[in-house]
Amino acid sequence: MSDQIQELVDTPSQFLKDGVQFMNKCQKPDKKEFAKICQAVGTGFVIMGVVGYLVKLIHIPINQILVGGA
């Protein structure tokens, strides 16, 4: 029983210790790296937008055929 209590106490402290260690290793990206990240995110937005548009473009006529709308 005391082993379970000790484990319950150790888990949050180990998590906190790991979190502090991770934050200490982190660093801000420089301008070049930040620009690459922005470019990658922007490309992802465009690709997802195109995929969504194509799905909607295909879905509307199929839905009209299935529902039999005017």
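The structure displayed is predicted, hence computed values, not measured ones. (Residues numbered from 1 in each chain as written. Predicted model: local features only at pLDDT ≥ 70, side-chain atom pairs only at ≥ 80, totals over all residues. Heavy atoms only, no water.)

Q: Honestly, the overall build of the protein chain in this entry has me stumped. Any pointers?
A: Along the backbone of the protein chain there are two helices and zero strands. Relative to the 2.2 N^0.38 estimate, which gives 11 Å for 70 residues, the radius of gyration of the protein chain is 25 Å and therefore markedly larger than a compact globule would have. With the C-alpha coordinates of the protein chain rotated into their principal frame, the extents come out at 70 × 45 × 10 Å. Here the protein chain holds 7 positive side-chain charges and 6 negative ones, and the gap between their average locations is 20 Å. (Helix = DSSP H or I, 4+ residues; strand = E, 2+ residues; numbered from the N terminus. Rg over C-alpha atoms; globule rule 2.2 N^0.38 Å. Lys, Arg positive; Asp, Glu negative; His and termini not counted. Charge placed at Lys NZ, Arg CZ, Asp CG, Glu CD.)

Q: What is the right way to look at the UniProt feature "transmembrane region" (unreviewed entry) in the protein chain in this model?
A: When the UniProt feature table is mapped to this numbering, "transmembrane region" (unreviewed entry) covers residues 34–55. Regarding residues 34–55, the helix share stands at 100% and the strand share at 0%, and the terminal C-alpha atoms are separated by 32 Å. (UniProt positions renumbered as here; feature names shortened; annotations may be inferred.)

Q: Honestly, a nonpolar patch on the surface in this entry has me stumped. Any pointers?
A: On the surface, Val-46, Val-50, Tyr-53, Leu-54, Leu-57, Ile-58, Ile-62, Leu-66 and Val-67 cluster together to form a nonpolar patch covering roughly 930 Å² of accessible area. Structurally, Val-50 is set in helix α2 (residues 31–67). On the basis of relative accessible area, Val-50 is assigned to the partly exposed category, the value being 44%. (Patch = residues over 30% accessible without salt bridge, like charges linked within 9 Å, V, L, I, M, F, W, Y side chains within 5 Å. Areas by Shrake-Rupley, 256 points an atom, 1.4 Å probe, with all protein chains shown as cover. Salt bridge = Lys/Arg side-chain N within 4 Å of Asp/Glu carboxyl O. Buried < 20%, exposed > 50% of the residue type's maximum accessible area, 1.4 Å probe, protein only.)

Q: Is there a simple way to think about α2 in this case?
A: Counted at 1.5 Å a residue, the expected span for α2 with its 37 residues is 54 Å, and the 53 Å between its end C-alpha atoms agrees. At the C-terminal side of α2, Gly-68 shows a positive phi close to 80°. (Expected span 1.5 Å × (residues − 1).)

Q: I would appreciate a short explanation of the environment of Gln-14 in the present structure.
A: Assignment of secondary structure puts Gln-14 in helix α1 (residues 2–25). Given the relative accessible area of 39%, Gln-14 is considered partly exposed. Along the primary structure Gln-14 and Lys-56 are separated by 42 residues, whereas in three dimensions their C-alpha atoms are 48 Å apart.

Q: Would you explain the state of the cysteines in this entry?
A: Each disulfide consists of a covalent bond between the sulfur atoms of two cysteine residues. By the definition in use, this model includes zero disulfides. Just so you know, Cys-26 is unpaired, no disulfide at all, and the nearest cysteine sulfur is the one on Cys-38, 18 Å from it. Residue classification places Cys-38 among the partly exposed positions, given a relative accessible area of 40%. (Disulfide = S-S within 2.5 Å.)

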